[in-house]
Amino acid sequence: MQVPGSIHAAMLTPMKDDAAIAPEAIAPLVDFVLARGVDGVYVGGSTGEAMLMSRDERAEVLRATADVAKGRASLIAHVGAASTHDAVALARVASAAGYDAVAAVPPFYYSFSFAEIRDYYGEIADAAGLPLMIYNIPSLTGVDFNLDQLVELLQDDRIGGIKFTDKDVFQFTRLRRATPSKKHFFGTDEMFISAVAAGADGGIGSTYNLIGDVYVGIQEALDDGDLDRARDLQAKSHSLIEILFQTGVIEGLKYAMTRVGVPVGPCRRPFSPAPREALAKLDAWLDGQMKRAA
Ligand code: MN9
């Protein structure tokens, strides 16, 4: 089963000042993101702070986003959880809400066997009845699949592809060659140009909330054979990401979105507000780069 679309924003979750979910702030965020030309939205993943939310809150965000984005964009719901029980419940929510595909991190915290992880994915796929993507993000889950394991997971007919958020383009390239009928999305925004050169079908990332047009542009430039333009655009993404590493990626992005006129509130604790000096750099970047964006 195929996953639709190519460039997807890994959506932030708008919150109120006390970090409760702000469902009414989802529509303006979706409008801003889609206006920059991305194909779709990836809802409830790392960037969405899903692991800091209850299952009910995650379901609410999945439903509220589908309500405003359905019919305008490709919709992928991230439903991964530490327990199969929760992931399956969220997969059913995503399916009922009209998502085109679901994605899931492997189960985390306990050291599950590969067979247990494979079963987890099978149960999610069956519950969703939609194409399922493996969300491979070893830096956050601690689950570091080898190439053979990724190939085995992707060979299952119910698995449509992968969101590969790692820096190992060698592994990414071999995986793509071994599973050519699947969709291979790259999730490390600062390396998108290398992944497209290696054959990525698309990208899904956090900075796409603010500058989705940059990643659409990199893909188009490489399609046109215009390496200089692709490199210039990736350099623009680097200039933002270098600052986000100082603010904290999600904290900085939420600050930036609010500042360009799309209020999304703070991050949920234990995330803490970004240091003032780093925010000053972000202010200067936004003044220079985002004048016409809002
Ligand atoms: O999955 C995001 N990765 C993490 C996507 O959250 C660890 C990326 O979009 C990064 O935030 C981005 C900046 O490093 O590449």
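This is a predicted model, so every value here is computed, not measured.

Cut-off values and rules
Residues numbered from 1 in each chain as written. Predicted model: local features only at pLDDT ≥ 70, side-chain atom pairs only at ≥ 80, totals over all residues. Heavy atoms only, no water. Helix = DSSP H or I, 4+ residues; strand = E, 2+ residues; numbered from the N terminus. Rg over C-alpha atoms; globule rule 2.2 N^0.38 Å. Buried < 20%, exposed > 50% of the residue type's maximum accessible area, 1.4 Å probe, protein only. Areas by Shrake-Rupley, 256 points an atom, 1.4 Å probe, with all protein chains shown as cover. Lys, Arg positive; Asp, Glu negative; His and termini not counted. Charge placed at Lys NZ, Arg CZ, Asp CG, Glu CD. Near = heavy atom within 4 Å. Polar contact = N/O pair within 3.5 Å; in protein donor to acceptor, adjacent residues only side chain to side chain. Nonpolar A, V, L, I, M, F, W, Y, C, P; charged D, E, K, R; others polar. Pairing = 2+ DSSP bridges. Axes fitted to C-alpha atoms, helices over the stretch in contact; angles between N-to-C directions. Right-handed = clockwise from strand over helix to strand, strands pointing away. Phe/Tyr/Trp six-rings, centres within 6.5 Å; stacked < 30°, edge-to-face > 60°. Salt bridge = Lys/Arg side-chain N within 4 Å of Asp/Glu carboxyl O. Contact = heavy atoms within 4.5 Å. Expected span 1.5 Å × (residues − 1).

What about the overall build of the chain?
At step 1: Each helix and strand counted, the chain has 12 helices and 8 strands in total.
At step 2: Relative to a compact globule of 294 residues, whose C-alpha radius of gyration would be 19 Å, the chain shows 18 Å and is just as compact.
At step 3: In the chain, which comprises 294 residues, the proportion classed as buried is 58%.
At step 4: In the form shown here, the chain has an accessible surface area of approximately 12,300 Å², with 50% of it arising from carbon and sulfur atoms.
At step 5: Averaging the positions of the 28 positive and the 38 negative side-chain charges in the chain gives two centres separated by 2 Å.

Some details on the site of the ligand
At step 1: Taken together, 13 residues sit near the ligand, with Tyr135, Lys163, Asp189, Glu190 and Ser206 positioned nearest.
At step 2: One of the side-chain N or O atoms of Lys163 is found 2.7 Å from an oxygen atom in the ligand.
At step 3: At 2.7 Å, a side-chain N or O of Ser206 approaches an oxygen atom of the ligand.
At step 4: Taking 380 Å² as the accessible area of the ligand by itself, protein coverage stands at 86%.
At step 5: Considering only residue class, the shell around the ligand consists of 5 nonpolar, 5 polar and 3 charged.

Comments concerning unusual backbone geometry
At step 1: Cis geometry is found at the peptide bond from Arg269 to Pro270, where omega equals 15°.
At step 2: With respect to the secondary-structure elements, Pro270 resides in the loop between helix 11 (249–259) and helix 12 (276–289).
At step 3: We note that Tyr109 has phi near 75°; this positive angle belongs to a residue other than glycine.
At step 4: Checked against the element boundaries, Tyr109 lands in the loop between strand 4 (101–104) and helix 4 (114–128).
At step 5: Judged by its relative accessible area of 70%, Tyr109 falls in the exposed class.

Considering the sheet that holds strand 1 (residues 7–10)
Strands in a sheet are paired, the pairing made by backbone hydrogen bonds, and the direction either parallel or antiparallel.
At step 1: Strand order around the closed barrel formed by 8 strands is 1-2-3-4-5-6-7-8, with parallel pairing between neighbours. Each strand of the sheet is rotated relative to its neighbour by a mean of 25°, with strand direction disregarded.
At step 2: Where strand 7 (residues 183–186) lies against strand 8 (residues 202–205), 2 bridges are found, and the strand directions are parallel. Residue Phe186 lies in a different strand from strand 8, and its bridge partner there is Gly203.

Considerations on the pairing of strand 6 (residues 159–164)
In regular strands, side chains alternate between the two faces of the sheet.
At step 1: Here strand 6 lies mainly inside the structure; 6 of its 6 residues are buried.
At step 2: Sheet analysis places strand 5 (residues 132–136) next to strand 6, joined by 5 bridges and oriented parallel. Bridged to Met133 within strand 6 is Gly161.
At step 3: In this region the chain leaves strand 6, passes through helix 7 (residues 169–178) and returns to the parallel neighbour strand 7; the handedness of that crossover is right-handed.

Some thoughts on the environment of Tyr110
At step 1: Note on placement: Tyr110 falls in the loop between strand 4 and helix 4.
At step 2: Using a relative accessible area of 57% as the deciding quantity, one classes Tyr110 as exposed.
At step 3: Linking Tyr110 and Val143, residues 33 residues apart in sequence, is a C-alpha distance of 10.0 Å.

Points about the packing of aromatic side chains
At step 1: Using the criterion set out here, one finds 11 aromatic pairs in the structure.
At step 2: On the basis of an interplanar angle of 75° and a centroid distance of 5.1 Å, the ring pair of Tyr120 and Tyr121 is categorised as edge-to-face. The pair Tyr120 / Tyr121 is uniform in exposure class, with both members buried.
At step 3: Ring centres of Phe192 and Tyr215 lie 5.9 Å apart, and the angle between their planes is 75°; on these two criteria the pair is classed as edge-to-face. Of this pair, Phe192 sits in helix 8 (residues 192–197) while Tyr215 is found in helix 9 (residues 208–223), placing the two residues 23 residues apart along the sequence.

Brief notes about the side chain of Glu190
At step 1: Within the element layout of this structure, Glu190 appears in the loop between strand 7 and helix 8.
At step 2: Buried charge without a salt bridge: Glu190, with Lys167 as the nearest opposite-charge side chain at an N-O distance of 4.2 Å.
At step 3: Excluding anything up to four places from it in sequence, Glu190 contacts Lys167, Gln234, Ser237, His238, Ile241 and Phe245.

Quick look at helix 4
At step 1: Taking 1.5 Å per residue as the helical rise, helix 4 with its 15 residues ought to reach 21 Å, and the 21 Å between its terminal C-alpha atoms agrees with that figure.
At step 2: The set of residues buried in helix 4 consists of Phe114, Ile117, Tyr120, Tyr121, Gly122, Ile124, Ala125, Ala127 and Ala128.
At step 3: In this structure, the buried side of helix 4 is in contact with helix 3 (84–97), strand 4, strand 5, helix 6 (147–155) and strand 6.

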